[in-house]
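# Reading the structure
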Amino acid sequence: MIAQLSRWLHRVSRGWVTLAAAILFLVFTPLVLPDQAARFEAVAGSGPSPDQSLFYTPADLYRMAESFGAAGRAAYVRARWTFDVVWPLVYTAALATAISWLARRAFAPGARGRLLNLVPVAGMAFDFAENICASLVIGRYPAATPVVDVLATVFTPLKWLFVGGSFVVLVAVAVIALARRLRRRGAPA
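Residues numbered from 1 in each chain as written. Predicted model: local features only at pLDDT ≥ 70, side-chain atom pairs only at ≥ 80, totals over all residues. Heavy atoms only, no water.

## Side note on the environment of Ile23
Within the secondary structure, Ile23 sits in helix 2 (residues 15-31). In this structure Ile23 comes out as partly exposed when scored by relative accessible area, which is 45%. Considering only alpha carbons, one finds Ile23 and Ala94, 71 residues apart in sequence, at a separation of 8.3 Å. (Helix = DSSP H or I, 4+ residues; strand = E, 2+ residues; numbered from the N terminus. Buried < 20%, exposed > 50% of the residue type's maximum accessible area, 1.4 Å probe, protein only.)

## Observations regarding the packing of helix 3 (residues 33-44) against helix 4 (residues 58-80)
Where helix 3 contacts helix 4, the axes come no closer than 8 Å and their chain directions differ by 145°. Residues Phe40, Val43 and Ala44 of helix 3 lie in contact with helix 4, whose contacting residues are Ser67, Phe68, Ala71, Gly72, Ala75 and Tyr76. Of the residues contributing to the contact of helix 3 with helix 4, the split by class is 7 nonpolar, 2 polar and no charged. (Axes fitted to C-alpha atoms, helices over the stretch in contact; angles between N-to-C directions. Contact = heavy atoms within 4.5 Å. Nonpolar A, V, L, I, M, F, W, Y, C, P; charged D, E, K, R; others polar.)

## Points about helix 1 (residues 2-12)
Residue pairs spaced three or four apart in an α-helix point in one direction, given the helix's 3.6 residues per turn. Along helix 1, the residues classified as buried are Ser6, Leu9 and His10. The buried residues of helix 1 occupy an angular sector of 100° when the element is viewed end-on, so they sit on one face. (Arc of directions from axis to C-beta.)

## Some details on the layout of surface pockets
The method is simple in principle: a probe with the dimensions of a water molecule rolls over the atoms, and the space it marks as empty is what remains. Volume-wise, the largest pocket comes out at about 680 Å³. Taken together, 30 residues make up the lining of the largest pocket; nearest its centre are Ala37, Asp51, Gln52, Arg80 and Phe83. Taken together, the elements giving at least two residues each to the lining of the largest pocket come down to helix 3, helix 4, helix 5 (83-106) and helix 7 (148-186). A total of 7 residues in the lining of the largest pocket trace back to one element, the largest contributor, which is helix 3. Residue classes in the lining of the largest pocket are distributed as 15 nonpolar, 7 polar and 8 charged. Put simply, the second largest pocket is a space of about 180 Å³. As for the second largest pocket, its lining consists of Ala3, Ser6, Arg7, His10, Pro109, Gly110, Ala111, Arg112, Arg114 and Leu115. (1 Å grid on protein atoms, 1.4 Å probe; cavity = no way out; pocket = protein on both sides within 12 Å on 5 of 7 lines; lining within 4 Å. Points joined across faces, edges and corners; volume = space filled by probe spheres on them.)

Listed below in structure tokens is the structure:
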């Protein structure tokens, strides 16, 4: 199933799809993200948030929930089930299609390197898992949400590892594709 998803991403990642996803990402990032952050900050304050943290404990998560106040907690949960459903789809589309497009130029068909297009998909999955867990904990506050509170603290660094890693993969695959192209140009006919 994983290999099928990777192959599907390679099939749909044509030049125009990759370009459209990149443009959407480049427009969404400066136009939508700052507005969402400002809206949340206006209601909940400027303290830490699970989404912007790399590491936190369950106790930290409950402190965040308390600091948001009732209106901030409601805004946090609402944002996780609206905006933060769309945002991971946007960055994943941009990263997965770009990596796929480049990987077709960097690796031979069937090569394991082509599976690198799944790194952003893993990041998105962990982002969704983080959002589900954190919104449950914050939405139920002041009630405790055992197990889910711990899972949130696990999913957040995994999200950042895979989302950040996607950018590293993107650069690495671009370098490999460029090197392969330059080798082919320099090869005698």
